[in-house]
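Topology and contacts: notes
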Amino acid sequence: MKWIVQLLLFLNHFSVGLLAPVLNLMLLDRGASYQTLPLLYMVMAAVILLFEIPSGICADMIGRKRVFLLSGFFNTISFILLFLAKESIILLFVSIALYGIGRAFASGSLDALIIDQAVAKHGNQGLPRITARLSILEAVGLSLGSICGGFLAHLGEGYSVNLIIRTVSIILVMSLAALFIEEVSQNSEIRIPFKEHIREGIKIVISSKAFAIAIAGGFIVGIALSSVETYWQPAFIQVSGSKESNWMLGIIMFLGFSAVSGGNFRAQRILTGQDKTKFWIHILSRGFLGASLVLFALQTSKVGYILLYTIFYLILGLGNIAELTIINSLTSSSIRASILSLYSFVIQIGLMVSSLISSLSVQWVGFAGVWVIMAIITGMYVISSIVVNKT
């Protein structure tokens, strides 16, 4: 992967990190409540569900670069509206919906292009390495961005400085992509028609149990991430007992994203040359993910809270590489963006279900209770996956 492409990917994720440690607090500051916060994420998930697979097919048929640039346009408009949303719940919902469209067009488009280039050069043996490299760039960018975002939160009011720099960063990233990302036009033999996309995608899903289980694993990623990301910030404020600890939010996210990077790197080492065991590595990691959610829910001290938050992301990073390696190894280049969008589509279903459950239950069971519910669902997935694989 060229250094300019790696720099672009790093800057893209760094800009996301600038807003990540304070996004929920920003939404709460602009009129959301503990009940409407998960509803905002549910709307975002619903919008992504509508656009996810069509955007992946568009990426395969008209070009991954064009679709990635389009995502930047929607994200920019979204954050401009978010900046203007002062105690306006309607603007919050419109902004989050546009952000969902941007995420749908971004998911899988640029990654699919880079993965295809790596497979063309090194074959499927290079998949663990390129998948891990993409995930490590994401984790490092997010972690360093979150550190900066935590400190920027103390400048100005309503986290506006974070929002302005995030918007400018999107414009910079899209300018670099337009100038330096190269995409070789596919000929008609590779660029298959729409109906063939659907037919080939269905064939892959039903022909391999491991593939179907890995795709379904996206649901677990969605429910686990959504429950943690929605409430970890206000939960930490409760544990710490003071809003004076806000400066630590960026550091906590840095530790979490660094843990993801560590899990990605470790997974690459484990998975290389281990085609027969990657399924069980994937299942085992998801089991530990559920266990970490339960332990996370039990924490009452800042040290324990930060430690389990970090462990959760370490396990998540390990399992994600195994999951994506299974998916990419069984996917042809002509429909890779579509399949990655399908995987992201399933993640959004998990996010949407998690948001609905959280909104209905948080006032009764609290943050910890929500995390225990998601851990139970994760355990059910692990058990059912083992049963299906054995039959």
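Quick note: structure is the one above.
Residue numbers run consecutively from 1 along every chain, following the written order of its sequence. Side-chain atom pairs in this predicted model are given and counted only at pLDDT of 80 or more, local residue features only at pLDDT of at least 70, and totals for whole chains, interfaces and linings cover all residues. Remark: hydrogens and water are excluded; side-chain values derive from all non-hydrogen atoms of the structure.

Remark: the centre distance and the inter-plane angle together describe each pair of aromatic rings, the angle taken between the planes. Aromatic pairs are defined between Phe, Tyr and Trp rings, using the six-membered ring for Trp, whenever the two ring centres lie within 6.5 Å; interplanar angles under 30 degrees are classed as stacked, those over 60 as edge-to-face, and all others as tilted. Summed over the entire model, instances satisfying the criterion amount to 14 aromatic pairs. For the ring pair Phe-296 and Tyr-305, a centre distance of 4.8 Å and an interplane angle of 45° mean the geometry is tilted. Each member of the pair, Phe-296 as well as Tyr-305, is classed as buried. Taken together through their ring pairs, the aromatic side chains of Trp-232, Phe-236, Phe-296, Tyr-305, Tyr-309, Phe-312, Tyr-313 and Trp-371 make up a single cluster. Think of it in three bands: residues with accessible area under 20% of the maximum for their type are buried, residues over 50% are exposed, and the middle band is partly exposed, with areas taken using a 1.4 Å probe on protein chains only.

What follows covers the packing of helix H3 (residues 36–62) against helix H4 (residues 64–84). Structural elements are reduced to axes, namely lines fitted to C-alpha atoms, with helices fitted over the stretch in contact, and the angle between N-to-C directions of any two is expressed from 0 to 180 degrees. Working definition: helices are DSSP H or I runs of at least four residues, strands are E runs of at least two. Numbering for both runs from the N terminus. Viewed as axis vectors pointing N to C, H3 and H4 meet at an angle of 135°, and their least axial separation amounts to 6 Å. By the angle class used here, H3 and H4 are oblique. Here Ser-55, Cys-58, Ala-59, Asp-60 and Ile-62 of H3 come into contact with H4, specifically with Arg-64, Arg-66 and Val-67. Residues are grouped as follows: Ala, Val, Leu, Ile, Met, Phe, Trp, Tyr, Cys and Pro are nonpolar; Asp, Glu, Lys and Arg are charged; all remaining types, including Gly, are polar. For the contact of H3 with H4, the per-class residue count stands at four nonpolar, one polar and three charged. When describing relative orientation, an angle under 35 degrees is termed roughly parallel and one over 145 degrees roughly antiparallel, while 65 to 115 degrees is termed roughly perpendicular and anything else oblique. In this description, contact between two residues means that some pair of their heavy atoms is separated by no more than 4.5 Å.

A word on helix H14 (residues 336–390). Here the expected length of a helix is defined as 1.5 Å per residue gap, with one fewer gap than residues. The terminal C-alpha atoms of H14 lie 28 Å apart, and with 55 residues this falls more than 12% below the ideal 81 Å at 1.5 Å per residue. A residue's bend is simply the angle between two axes: one fitted to the seven residues ending at it, one to the seven starting at it. Of all the bends found along H14, the most pronounced is centred on Val-365 and spans about 120°.

A surface patch of nonpolar side chains, amounting to about 690 Å² of accessible area, comprises Leu-70, Phe-73, Ile-77, Ile-80, Phe-83, Leu-84, Ile-164 and Val-168. When contributions to the nonpolar patch are tallied by element, the ones reaching two or more residues are H4 and helix H8 (160–180). Here the nonpolar patch gets six residues from one element, more than from any other, and that element is H4. Inspection of the secondary structure assignment puts Ile-80 in helix H4. In this analysis, a patch consists of residues with relative accessible area above 30% that form no salt bridge, clustered at 9 Å for like charges and at 5 Å for the nonpolar side chains Val, Leu, Ile, Met, Phe, Trp and Tyr. Only the protein chains shown count as cover for residues, and all accessible areas are computed by the Shrake-Rupley method using a 1.4 Å probe. Salt bridge criterion: a side-chain nitrogen from Lys or Arg within 4 Å of a carboxyl oxygen from Asp or Glu.

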